[in-house]
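Observations on the three-dimensional arrangement
Here is how the chains run, residue by residue.
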Amino acid sequence: MDMIKTLEELVSAFGPSGCESGISQVLEGLAKPYVEEISRDVMGNLICRRKGSGPRVMFSAHMDSIGLVATHIDEKGFVHVGALGGVSAARALYAPVRFQSGARGLLCAEADADLSKLKVNELVADIGAADSGEAGKLVQVGDAVVYDTSIRRAGNRVISPYLDNRIGCLVLLMAMEQLGETDNDLYFVFSTQEEVGCRGAKTAAWSVEPDYGIAVDVCGTDDVPGAKHDLTALCGKGAAVNVMDHSVICHPDMVKRLLALAEEQGIPAQRGVSRRGGTDAGPIHQTRAGVYTGGISIPCRYIHTPTELVDLGDVEACAKLAAVFAMAKLEK
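About the thresholds
- Residues numbered from 1 in each chain as written.
- Predicted model: local features only at pLDDT ≥ 70, side-chain atom pairs only at ≥ 80, totals over all residues.
- Heavy atoms only, no water.
- Buried < 20%, exposed > 50% of the residue type's maximum accessible area, 1.4 Å probe, protein only.
- Helix = DSSP H or I, 4+ residues; strand = E, 2+ residues; numbered from the N terminus.
- Pairing = 2+ DSSP bridges.
- Expected span 1.5 Å × (residues − 1).
- Contact = heavy atoms within 4.5 Å.
- Polar contact = N/O pair within 3.5 Å; in protein donor to acceptor, adjacent residues only side chain to side chain.
- Right-handed = clockwise from strand over helix to strand, strands pointing away.

Before going further, it helps to spend a moment on the pairing of strand 3 (residues 56-62). When you tally the buried positions in strand 3, you get six out of seven residues, the bulk of the element. Across seven bridges, strand 3 lies against strand 12 (residues 185-191) in parallel orientation. Within strand 12, the residue paired with Arg-56 across the bridge is Asp-185. Where strand 3 meets strand 13 (residues 212-219), four bridges bridge the pair, whose relative direction is parallel.

Here the focus is helix 7 (residues 252-265). Helical geometry note: an α-helix holds 3.6 residues per turn, so side chains three or four residues apart project in the same direction. Between its terminal C-alpha atoms helix 7 stretches 20 Å, which fits the 20 Å expected from 14 residues at 1.5 Å a residue. Considering only its buried residues, helix 7 is in contact with strand 13, strand 14 (239-244), strand 15 (269-273), strand 16 (292-301) and helix 9 (312-326). A positive phi of about 70 degrees marks Gly-266, the residue just after helix 7.

Taking 1.5 Å of rise per residue, 15 residues should cover 21 Å, and helix 9 covers 21 Å from first to last C-alpha, within 8% of that figure. The buried count for helix 9 comes to 12 of 15 residues, which makes it a mostly enclosed element. Listing the buried residues of helix 9 in full gives Leu-312, Asp-314, Val-315, Ala-317, Cys-318, Ala-319, Leu-321, Ala-322, Ala-323, Val-324, Phe-325 and Ala-326. By the N-cap criterion, in which a side-chain oxygen at the helix start approaches the backbone nitrogen of a residue two or three places on, helix 9 is capped by Asp-311, the distance to Gly-313 being 2.8 Å.

Glancing now at the pairing of strand 15. Here strand 15 shows a clear split, with Gln-270 and Gly-272 buried on one side and none of Ala-269, Arg-271 and Val-273 buried on the other. Of the pairings in the sheet, the one linking strand 14 to strand 15 comprises five bridges and is parallel in character. Paired with Ala-239 across the two strands is Ala-269, which belongs to strand 15. Handedness of the strand 14-helix 7-strand 15 crossover: right-handed.

Here we come to the side chain of Asn-45. Along the chain, Asn-45 turns up in the loop between strand 1 (37-40) and strand 2 (46-50). The class of Asn-45 is buried, set by a relative accessible area of 0%. Only 3.0 Å separates the side chain of Asn-45 from the backbone nitrogen of Thr-192, close enough to count as a polar contact. In this view, Asn-45 contacts Ser-39, Arg-40, Val-189, Phe-190, Ser-191, Thr-192, Gly-200, Ala-201, Thr-203 and Ala-204; residues no more than four positions away in its chain are not counted.

Next up, the structure:
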């Protein structure tokens, strides 16, 4: 699999929370060669199954991204917006954007706005319209909006919008490609609406009823300028095996097993602890009577900005660790 080419395809697909049909179709085409069944549930989760007679193992990587939604078009043709997920006004200001309709523009604020206190609902999109009538032909209230920045290389690292969590989706596709023989009943779930409350993974886990669950997502890093040390992962140091975050305390047996597999297979790995944030592991581990749940995370700098950054070596390590766990001897 060509990592960059596949990532470009994933990143360019439209898919903010609640509007995942575009990215879902792309992922279905990419996953089809590696699995035997593909289905969608009411929430729009894409569930890809490789059948086995052993324990059910559910991997979940959310395919939705943060975004914005058009809330009002004023008489001058500016489109006022609100947040879909954790959008920071300061980080989004002057970013190029693309609307659900295909219209393009950029985010701006009123000339006298106090940028130090700017809120998302004070952002407006300039789509080049002369007035409300012209803007209304391009955008409708309720249309979703995403960042329109491009993907590029920086040495062995990639800078791109929406690495959270299209890079996690790439990890699952790469893991599928690496699978060998196993008795495990494998479910690769590309979940919806994670950015607005991990909603898709909740229904998917209820349906799959897994014995083991692993959330594949990005995690923040402790190696950015001025880091406050409320995170532990470092870019370039391998897969981050999640110990805990705000949504989950991973089962100790899962943490131990993932770290042991990484050591046995020579996979670069590190322990991941976060005092904030969450992943699909949150709803998965509380499903029914409980699920043995862990997390494999890709260290990512500048999460929820128009330009996130990951190390390709970390991506490869995460994919290999996911594949190794998928083929491990597990008990029901």
